[in-house]
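What follows is each chain in one-letter form.
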Amino acid sequence: MDRLLVVGAGTMGSQIAMVCALAGHDTTVTDVTDDALDRARAQLQARLDRDVAKERRTRDDVDAAFDRLTFTTDLDAAAAGADLVIEAAVEKLDVKREVFARLDKAAPPQTILTTNSSAIMSSQIADATGRPDRVANMHFFNPALVMRCVEVVGSDDTSPETMETVTALARRLGKEPVVLHKEIPGFVANRILGAVRDEAISLLEQGVSSVKDIDTACRTALGHPMGPFELMDLTGIDIGYHAKLARHAVTGDPRDLPSRTVTELVERGDLGRKTGKGFYSYEDER
Ligand SMILES: NC(=O)c1ccc[n+]([C@@H]2O[C@H](COP(=O)([O-])OP(=O)(O)OC[C@H]3O[C@@H](n4cnc5c(N)ncnc54)[C@H](O)[C@@H]3O)[C@@H](O)[C@H]2O)c1
């Protein structure tokens, strides 16, 4: 079994590390502070206890996974013993480049270095290392313990062997790998999600239908678990707004700019469920 290292114990990193440990891999997860690691451990414990209570997993499987999981702030020592790294630190290019440069120094030369980033492509990081052929995106979805898709994306420099190794690992983790043959911002799933969202906003702005009815069409005709406006309210309207601005900064394409409707909501501070108002009002639920 591979010895895996997950860098960053936040929302994604903690669950990715547990996915690896549940699949039988000795896994180390690092973060910058002990507090962050303690929080991750406590959240995983609570979540997996719930899974055991609901008979989704056995207590033995969960205990064995925790035994395979090591929490540490010592990134260099952890990298020295890793066959493959999944970086899930904060979504900042300078932080990721610094982490990759450090991993490159500390990890054995054959170790593959991947990033879970949704928006930063591995070609933006690979040149911080001396091994661009062994750098790729391995993109999990939130919540990583549940969502089965993992997008595997290489840059022009990523070797076919690296793509195969990462794809095979995703399969061993019980995931369904989706392989991209070229880098493109947003990859596949989030681009399709974005296209649905953009069309929904366009229909609204053209006065074709209401927020509620467009959501109803997506749920009842297309089988989506929730409509695009409900989803934007849940994830936070500012998240999509900033993702669009970041995409536009890379592409310069005016179609990548946030819509008028979303910009107005962000400027008013109506960011969705977290502020009590977005496309819908949640004041009654507060
Ligand atoms: N949240 C999502 O829905 C989602 C989905 C898919 C992919 N991603 C990607 O996953 C990555 C992490 O996102 P998240 O939502 O888990 O973020 P998060 O803010 O919850 O966690 C990031 C963690 O990284 C830690 N960190 C910061 N600098 C570090 C360093 N130098 N070394 C090690 N750890 C460091 C932070 O302390 C924090 O615990 C991002 O690249 C993001 O694009 C997020």
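Keep in mind that this is a model prediction, so the values were computed, not measured.

**With respect to the pairing of strand S8 (residues 176-180)**
Part 1: Two elements, strand S7 (residues 149-154) and S8, share five bridges in a ladder whose sense is parallel. By the bridge assignment for S8, valine 152 is matched with valine 179.
Part 2: Handedness of the S7-helix H6 (residues 160-172)-S8 crossover: right-handed.

**A closer look at the UniProt feature "domain: 3-hydroxyacyl-CoA dehydrogenase C-terminal" (unreviewed entry) in the chain**
Part 1: As annotated in UniProt, the feature "domain: 3-hydroxyacyl-CoA dehydrogenase C-terminal" (unreviewed entry) corresponds to residues 186-282 in the numbering used here.
Part 2: Annotated as residues 186-282, this span is 61% helix and 0% strand, and its ends, taken at the C-alpha atoms, are 30 Å apart.

**Points about unusual backbone geometry**
Part 1: The omega torsion of the bond from asparagine 142 to proline 143 falls at 0 degrees, within 30 degrees of zero and hence cis.
Part 2: Structurally, the position occupied by proline 143 is in the loop between strand S6 (135-140) and S7.
Part 3: The backbone of glutamate 55 sits at a positive phi, close to 60 degrees, despite the residue not being glycine.
Part 4: The phi angle at phenylalanine 187 is positive, at roughly 55 degrees, despite the residue not being glycine.
Part 5: Its location among the elements puts phenylalanine 187 in the loop between S8 and helix H7 (189-205).

**Focus: the sheet that holds S6**
Part 1: With mixed pairing, the eight strands of this open sheet are ordered in space as S3-S2-S1-S4-S5-S6-S7-S8. Each end of this open sheet is capped by a strand with a single partner; those strands are strand S3 (69-72) and S8. The sheet shows a mean angle of 25 degrees between the axes of neighbouring strands, taken without regard to direction.
Part 2: Both S6 and S7 contribute to a ladder of five bridges, which runs antiparallel. Each bridged residue has a counterpart across the sheet, and for histidine 139 the counterpart in S7 is glutamate 151.
Part 3: Lying on the sheet, helix H3 (residues 59-68) is in contact with strand S2 (26-30) and S3; it crosses S3 at an angle near 45 degrees.
Part 4: Packing against the sheet, helix H5 (residues 93-106) makes contact with strand S1 (3-7), strand S4 (84-87), strand S5 (112-115) and S6, and its axis sits at approximately 165 degrees to S5.

Conventions used here
- Residues numbered from 1 in each chain as written.
- Predicted model: local features only at pLDDT ≥ 70, side-chain atom pairs only at ≥ 80, totals over all residues.
- Heavy atoms only, no water.
- Pairing = 2+ DSSP bridges.
- Helix = DSSP H or I, 4+ residues; strand = E, 2+ residues; numbered from the N terminus.
- Right-handed = clockwise from strand over helix to strand, strands pointing away.
- UniProt positions renumbered as here; feature names shortened; annotations may be inferred.
- Axes fitted to C-alpha atoms, helices over the stretch in contact; angles between N-to-C directions.
- Contact = heavy atoms within 4.5 Å.

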